[in-house]
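The residues making up each chain are set out below.
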Amino acid sequence: MNNTTLERGPIAPDEAGQESAGSRVRHPLRAHPALVGLLLVGATVRVAVMAAYPPAFGYFGDTFAYLKAAQFMAPSRIWPFGYSLFLKCFAFTGHIVTVAVVQHLLGLALGVGVYALLARRGVTPNRAAFAAAPVILDAREIVLEHYVMAETLFTALLLAAVLVLCWRERLTAWMCALAGLVLAAASVTRTIGQPLAVVVLLYLLVRRVGWRNVAVFAVALAAPLAGYLVWYHSNYGVYAFNEMSGRYLWQRTTTFVDCSKNGFTADERKICPVEPVGQREVNDLYLFAGDRHKLANQFPDYRDDHVFASFARKAIVGQPGDFAKTILTDTVHLVQPGWQPPGLIACRTDQLGMVSGNRASGQATGWCSPALMGREFYPTRMYEAGFAAPKITALNGVLWAYGRTFTTWPLVLMLLALFAGATVCWRPRTWRPREAADAVLLSGLGLATLVLSLVLSVVDFRFTVPLLALAPPAAVLAWHRLRGAVSGSAGAWAGSGPPVGHGRGFRRWRAVEGFELHGGRHAGTAVDGPQGQQAREESRADDHDAERDRGRRRYDEAKGAVRVQLAESGPAPGADGDERTREPRSDQEECHGGARLQAEEPRPRRVGVLAGQPFLDPVQPRETAEQEQLHADEHGQAGVHEGAHVEGDVSRALPSRRQPGRSRQAEQREDETGQHECLLWSEDEQEA
């Protein structure tokens, strides 16, 4: 058997004592330097954007429609009311710049949420920071946050729902209800949130959370949406989320539809393009009546939206291959580096760039440049303050260079999402659906957001921005899973990071999975100061709900593997050279839940090696009086020290399970599987 030596440094007398309040405040800065650095850079760029382009950007007529709906507290016929309600919350300030500030803060919060999720799943700080960097630093994300538009809020709500679902191992009813409510809020912010609910439902089924939790999620999602439909009907006499969805879907079919097929009615033929296929205008022009025949003006009333919707359904059902080809082509164009968009699409693309006078692509200033809002909260007309960056200044010149450099290619984001989705095909021996479900959820939501936006709306680069918050963490989680599956035979999580939560399961994981006590990747690197104190506090915390679904199977497999090694090496001698075993206690053998401690088996205090990591059997034998006293002196005062150096007996690097002042009779505690086991202490130990 291989022997393992754990290094231990000197223990300061007051290390386990109280720390100053200042050190506790500084601890997050020292514990997560990569995240703090990213946030500082991201905040600096956002402040520069607000200084260069005050107070905020407006986007065509969309911004005006959002603000008007918020002013009159009535649903818009173009967009759902969710974002307008968000705007109404800040109307009391009287300044539109408040919205820009809040949305920039939401952008930074997206990065923090991505980092927190990955760190909780055991990903190393550097990899977690790598996944959070795109959404914190990307120029298009920052520009989109400066727009009075719904994308930033929608992405934040979508990621919040993901965090609720992925935060704990065991989903409870209230967590499913909260996720449903958040996703409902996203659905009334952008209509594509409604079909995204299907992705989340599939995720819940894969995780096997139980029909009760699935039903709770469905009810929490459907109730707000049903209420919105009733409210919209009370205003306009129709049950709908808006009265533009049919037009948007219709314009997606104008480039390929064959008007001689599909059984169109007389009214529907009025809106069918007359040009031959291949010679038609860009689909956006049909939507905004920019084509020669102005087909959209054949039915200008919002109440005629059903005519456009019926036309679109017949065209898609009659020519599904052409429709799929159109969506696939536009998707490839959006992620294709160097693609030159035509006409109106190029104009919308210019609006997502850091403008700087005539350096912007397309028109230097004017209709294709971002419009500057007026300082008042409710504008009287669009483009009140003109257009952004009519001339080059030092500040917007630097921002223009930043936008040319720090823009993540959509192709990279799509490849990351596809990689995360493809890893579900890799099924190691100890594969569990939960380990792959989170990565697939993130990647699925990102890809579905992009594709559904193209199906239900126009071709716009802003639809690639939500991938910044979803694709990188999905890829990192997938890589984390694959790396753990390859490096550890005890399970897909072996040696790859701590379990969710830091309670008794964390202490057991540290023994089973081989926590690196000397210079490890996690809390083991923190020996002194507030970081070490934080690690000790986390190891003492109890979080049973988060650990209930943890690896009882992993633990049993690992313990069995070590017992094989122990059996081959022979029993461990005690202090007097004799083999020591634990005597059975008939009156304490039975535990709550049916778990039985096999006391008649030898329990040597040995260290095994599992997948290159030290392993300590969690059921320990009796110690000598000298060892017991030394063990109590160490852990009764200072607790466990991560990174401790112990020569010989490795078990003293682990925390004592006995609390001071408690009787050393049979103790009963709940482990991470919800079962119980007995820790029997002999009378000899009690006397010692």
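All values derive from a computational prediction rather than experimental measurement.

The rules behind each value
- Residues numbered from 1 in each chain as written.
- Predicted model: local features only at pLDDT ≥ 70, side-chain atom pairs only at ≥ 80, totals over all residues.
- Heavy atoms only, no water.
- Helix = DSSP H or I, 4+ residues; strand = E, 2+ residues; numbered from the N terminus.
- Buried < 20%, exposed > 50% of the residue type's maximum accessible area, 1.4 Å probe, protein only.
- Contact = heavy atoms within 4.5 Å.
- Areas by Shrake-Rupley, 256 points an atom, 1.4 Å probe, with all protein chains shown as cover.
- Disulfide = S-S within 2.5 Å.
- Axes fitted to C-alpha atoms, helices over the stretch in contact; angles between N-to-C directions.
- Parallel < 35°, antiparallel > 145°, perpendicular 65-115°, else oblique.
- Left-handed = near helix turned anticlockwise from the far one by under 90°.
- Nonpolar A, V, L, I, M, F, W, Y, C, P; charged D, E, K, R; others polar.
- Patch = residues over 30% accessible without salt bridge, like charges linked within 9 Å, V, L, I, M, F, W, Y side chains within 5 Å.
- Salt bridge = Lys/Arg side-chain N within 4 Å of Asp/Glu carboxyl O.
- Phe/Tyr/Trp six-rings, centres within 6.5 Å; stacked < 30°, edge-to-face > 60°.
- Core = buried A, V, L, I, M, F, W, Y, C linked by side-chain atoms within 4.5 Å.
- pLDDT = per-residue confidence, 0-100.
- Expected span 1.5 Å × (residues − 1).
- Arc of directions from axis to C-beta.

Enquirer: Help me out: how do you make sense of the overall build of the chain in this one?
Expert: Of regular secondary structure, the chain possesses 27 helices and 6 strands. When the 688 residues of the chain are sorted by exposure, 53% land in the buried category. If you take every contact in the chain between residues at least 6 apart in sequence, the share linking residues at least 24 apart comes to 75%. Entry remark: accessible area of the chain is about 29,500 Å², with carbon and sulfur atoms responsible for 59%.

Enquirer: Explain the state of the cysteines here, please?
Expert: Put plainly, a disulfide is one covalent bond tying together the sulfur atoms of two cysteines. This structure, assessed with the given rule, holds 1 disulfide. C259 shares a disulfide with C272; S-S distance 1.4 Å. Between C259 and C272, the disulfide has an S-S torsion of -85 degrees and is therefore left-handed. Taken as a pair, C259 in the loop between α12 (245-253) and α13 (266-269) and C272 in the loop between α13 and α14 (283-287) lie far apart in primary sequence, 13 residues in all.

Enquirer: Sorry if this is basic, but what is going on with the packing of helix α2 (residues 33-52) against helix α18 (residues 394-405) here?
Expert: Geometrically, a packed helix pair is captured by the angle between its two axes and the distance between the axes. Taken N-terminus to C-terminus, the directions of α2 and α18 make an angle of 135 degrees; their axes are 10 Å apart at the nearest point. Compared by their axis directions, α2 and α18 come out oblique. Viewed along their axes, α2 and α18 form a crossing whose handedness is left-handed. Contacts between α2 and α18 involve V45, A48, V49, A51 and A52 from the former and L395, L399 and Y402 from the latter. Of the residues contributing to the contact of α2 with α18, the split by class is 8 nonpolar, no polar and no charged.

Enquirer: Any chance you could explain a nonpolar patch on the surface here in plain terms?
Expert: On the surface, a nonpolar cluster with roughly 470 Å² of combined accessible area is contributed by V198, L202, L205 and W211. Top element by residues in the nonpolar patch is helix α10 (residues 193-207). It accounts for 3 residues. Within the fold, L202 resides in helix α10.

Enquirer: What is the right way to read the packing of α10 against helix α11 (residues 211-236) from this model?
Expert: Packing of α10 against α11 leaves a shortest axis separation of 10 Å and a crossing angle of 165 degrees. If you check the angle between α10 and α11, you find them roughly antiparallel. As α10 runs across α11, the sense of the crossing is right-handed. The residues of α11 that touch α10, namely those facing A197, V200, L201, L204 and L205, are W211, V214, F217 and L221. Class assignment of the residues belonging to the contact of α10 with α11 gives a composition of 9 nonpolar, no polar and no charged.

Enquirer: Looking at this structure, how should I read the environment of E169?
Expert: If you trace the backbone, E169 turns up in the loop between α8 (151-166) and α9 (173-187). Taking the C-alpha atoms as reference points, E169 and R207, separated by 38 residues in sequence, lie 9.6 Å from one another.

Enquirer: Explanation requested: unusual backbone geometry in the structure shown.
Expert: With an omega of -10 degrees, the peptide bond between P54 and P55 qualifies as cis. Here P55 is to be found in the loop between α2 and β1 (57-58). One non-glycine residue, A289, lies in the positive phi region at around 55 degrees. Here A289 shows up in the loop between α14 and α15 (305-318). Positive phi values are uncommon outside glycine, yet K294 reaches one of about 50 degrees. With respect to the helices, strands and loops of the structure, K294 is situated in the loop between α14 and α15. The exposure class of K294 is partly exposed, given its relative accessible area of 41%.

Enquirer: Please clarify how the packing of aromatic side chains should be interpreted in this entry.
Expert: Aromatic ring pairs are described here by two measures, namely the spacing of the ring centres and the angle between the planes. With the rule as written, the count across this model stands at 19 aromatic pairs. With 5.8 Å between their ring centres and 40 degrees between their planes, W79 and Y248 make a pair best called tilted. Residue W79 is found in the loop between α3 (60-72) and α4 (82-88), and its partner Y248 is found in helix α12; the two are separated by 169 residues along the sequence. W79 gets classed as buried once you look at its relative accessible area, which sits at 16%. The interplanar angle of 25 degrees and the centroid separation of 4.7 Å between the aromatic rings of Y402 and F406 together place this pair among those described as stacked. Among the residues examined, F406 registers a relative accessible area of 41% and is labelled partly exposed.

Enquirer: Hey, could you run me through the pattern of salt bridges in this one?
Expert: When the charged atoms of two side chains with opposite charge come close together, those side chains can pair. Under the counting rule described, the total for this entry stands at 12 salt bridges. Between D330 and R252 there is a salt bridge whose closest N-O contact spans 2.4 Å. Here the residue D330 occupies a position in helix α16 (residues 320-335), and R252 occupies one in helix α12, the gap between them amounting to 78 residues. On the basis of relative accessible area, D330 is assigned to the buried category, the value being 13%. Of the residues examined, R252 reaches a relative accessible area of 1% and is grouped as buried. Among the salt bridges present, the one from E275 reaches R292, with a minimum N-O distance of 3.4 Å. Taken together, the residues E275 in the loop between α13 and α14 and R292 in the loop between α14 and α15 connect sequence positions 17 residues apart.

Enquirer: Please clarify how the environment of G318 should be interpreted in this entry.
Expert: With respect to the element layout, G318 can be found in helix α15. Among the residues examined, G318 registers a relative accessible area of 42% and is labelled partly exposed. Sequence separation between G318 and G263 is 55 residues; the distance between their C-alpha atoms is 9.0 Å.

Enquirer: What is the right way to look at the nonpolar core in this model?
Expert: Among soluble globular proteins, nonpolar side chains are generally buried collectively. One finds Y53, Y83 and L87 to be the most contacted residues of the largest nonpolar core, which totals 129 residues. Per element, the largest residue contribution to this core is 11 residues, and it comes from α8. In this view, Y83 contacts Y66, V99, Q103, Y147, V148, M149, A150, L153, V188 and T189; residues no more than four positions away in its chain are not counted.

Enquirer: Sorry, what's going on with the confidence of the model for the chain here?
Expert: Do not read the fine detail of predicted coordinates wherever pLDDT is low. The pLDDT averaged across the chain works out to 74; a share of 63% of its residues lies at or above 70. Counting interchain partners and residues more than four positions distant, the pLDDT-below-50 stretch residues 1-25 has 53 contacts. Predicted confidence is poor over residues 635-688, with pLDDT under 50, and the contacts of this stretch with residues over four places away or in other chains come to 155 contacts.

Enquirer: It is not clear to me how α16 should be interpreted in this structure. Could you clarify?
Expert: Along an α-helix, residues three or four positions apart point the same way, because every turn accommodates 3.6 residues. The end-to-end C-alpha distance of α16 is 23 Å, a good match for the 22 Å that 16 residues give at a rise of 1.5 Å each. Turning to α16, its buried residues number three or more, namely F323, T326, I327, D330, T331, L334 and V335. Take α16 and look down its axis: the buried residues cluster within an arc of 155 degrees, on one side only. Pointing more than 90 degrees away from the buried face of α16 are the exposed residues K325 and L328.

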